[in-house]
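Structure assessment
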Amino acid sequence: MGVYLFFLGIFDVKFRGEYNRNALIWMDSVECRTIGFLAMLSSEVSVLLLTYLTLEKFLVIVFPFSHLRPGKLQTVLVLAFIWILGFVIAAVPLLNEDVFGNYYGRNGIGWRNQQPKDTPQGYFLV
C-alpha cells in the first residue's frame, strides 16, 4: 500500500492545480490502472496473510499438544499460494475489459472503493 500512496503522491504533484483539466486523461491512463492494481494486490494479500496467521495461531492455541503446526515447506507453499491468489484477484479486471471496463480508472484515485451498478455481482463475492 505504501508503493500505491507514493505513486499517487507523485501524480498528485504532477497534476497539482490543474487536475480538472486532466482528470479523464488520468483515469484512462495506464498509470492509474497500474497503481489501482498495486493497491488491490496489497489489500488482498494483506487480508489473506492475516487470515492465514490467525488460523495458524488459533490451531496452536486450541490444540497446544498436537502436531498441527505447519513446517517450513508448508508455510512457504501457503505464502506462495497467497501471493499468486492475490495477483489473480487483482489482475482479473485488467484481463477482461469487456466485463469490467475501466475498472480501476472509474474514479480519480485508481481504487475501487464502491460497487457501481454495472459491475458484475460475482466479482464482489470473491
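Given the structure is predicted, the values throughout are model-derived calculations rather than measurements. As a convention, each chain's residues are numbered from 1 in the sequence order in which they are written. Residues qualify for local features only when their pLDDT is at least 70, as the model is predicted, and side-chain atom pairs are given and counted only at 80 or more; totals for whole chains, interfaces and linings, by contrast, use all residues. Excluding hydrogens and water, the side-chain values take into account all heavy atoms of the structure.

For the rest of this paragraph, the subject is the overall build of the protein. Helix and strand definitions follow DSSP, with helices as H or I runs of at least four residues and strands as E runs of at least two, each counted in order from the N terminus. Counting secondary structure elements, the protein contains 5 helices and 0 strands. N-terminal to C-terminal, the α/β element order of the protein is α-α-α-α-α. For the protein, with 126 residues in total, the buried portion stands at 29%. Contact definition: two residues touch when any of their heavy atoms are within 4.5 Å. The contacts in the protein between residues at least 6 apart in sequence include a share of 61% that link residues at least 24 apart. Buried means the residue's accessible area, taken with a 1.4 Å probe over protein chains only, is under 20% of the maximum for its type, while exposed means over 50%, and partly exposed covers the values in between.

As a further point, take empty space enclosed by the protein. Definitions used for this entry: grid spacing 1 Å over protein atoms alone; cavity, a set of points where a 1.4 Å probe fits but cannot get out; pocket, an open set with protein on both sides within 12 Å along at least 5 of 7 lines; lining residue, one with an atom within 4 Å of a point. Grid points are joined across faces, edges and corners, and a volume is the space filled by probe spheres set on the points. As enumerated under the stated definition, the model contains 1 cavity of 30 Å³ or more in all. Within this model, the largest cavity holds a volume of roughly 30 Å³.

A few words on the UniProt feature "transmembrane region" (unreviewed entry) in the protein. UniProt positions are given in the numbering used here, feature names are shortened, and annotations may be inferred rather than shown by experiment. The UniProt feature table records "transmembrane region" (unreviewed entry) at residues 76-95. Secondary structure over residues 76-95 splits into 100% helix and 0% strand, and the C-alpha atoms at its two ends are 28 Å apart.

A separate point is the environment of L24. Turning to its location among the elements, L24 is positioned in helix α2 (residues 19-27). Between the alpha carbons of L24 and G105 there is a distance of 8.9 Å; along the sequence they are 81 residues apart.

Turning to the packing of helix α3 (residues 30-62) against helix α4 (residues 72-95), a few remarks are in order. The convention used is that axes are lines fitted to C-alpha atoms, helices contributing only their stretch in contact, and that angles between N-to-C directions extend from 0 to 180 degrees. Between α3 and α4, the least distance of the axes is 8 Å, while the angle of their chain directions is 145 degrees. The way α3 lies across α4 gives a crossing that is right-handed. Contacts from R33, F37, M40, L41, E44, V45, L48, L49 and Y52 in α3 reach T75, V78, L79, I82, W83, L85, G86, F87, I89, A90, A91 and L94 in α4. Less than a right angle of anticlockwise turn of the near helix away from the far helix marks a crossing as left-handed, whereas a clockwise turn marks it as right-handed.

Ranked by size, the top nonpolar core spans 11 residues in total: F37, M40, L41, V45, Y52, I82, A90, A91, F100, Y103 and Y104. At the level of secondary structure, the elements contributing two or more residues to this core comprise α3 and α4. When residues of this core are assigned to their parent elements, the largest contribution, 5 residues, is made by α3. What is meant by a nonpolar core is a set of buried Ala, Val, Leu, Ile, Met, Phe, Trp, Tyr and Cys residues, joined one to another through side-chain atoms within 4.5 Å. By size, the runner-up hydrophobic cluster in this structure holds 9 residues, among which are Y4, F11, M27 and A39.

Another point: the packing of helix α1 (residues 2-14) against α3. Viewed as axis vectors pointing N to C, α1 and α3 meet at an angle of 155 degrees, and their least axial separation amounts to 9 Å. Looking at the two axes, α1 sits roughly antiparallel to α3. For the element pair α1 and α3, the recorded crossing hand is left-handed. Of the residues in α3, those touching α1 at V3, Y4, F7, L8 and F11 are E31, I35, L38 and A39. We call two directions roughly parallel when the angle between them is under 35 degrees, roughly antiparallel when it is over 145, roughly perpendicular when it lies between 65 and 115, and oblique otherwise.

Right, let's get into the packing of aromatic side chains. Ring pairs are drawn from Phe, Tyr and Trp, using the six-membered ring of Trp, whenever the two centres fall within 6.5 Å, and their geometry is named by plane angle: stacked under 30 degrees, edge-to-face over 60, tilted for the rest. Summed over the entire model, instances satisfying the criterion amount to 1 aromatic pair. Measuring from ring centre to ring centre gives 5.4 Å for F37 and F87, while their planes differ by 85 degrees; the resulting arrangement is edge-to-face. A residue pair is termed long-range when its members are at least 10 positions apart, and F37 in helix α3 and F87 in helix α4 qualify at 50 residues. You can call F37 buried: its relative accessible area is 12%.

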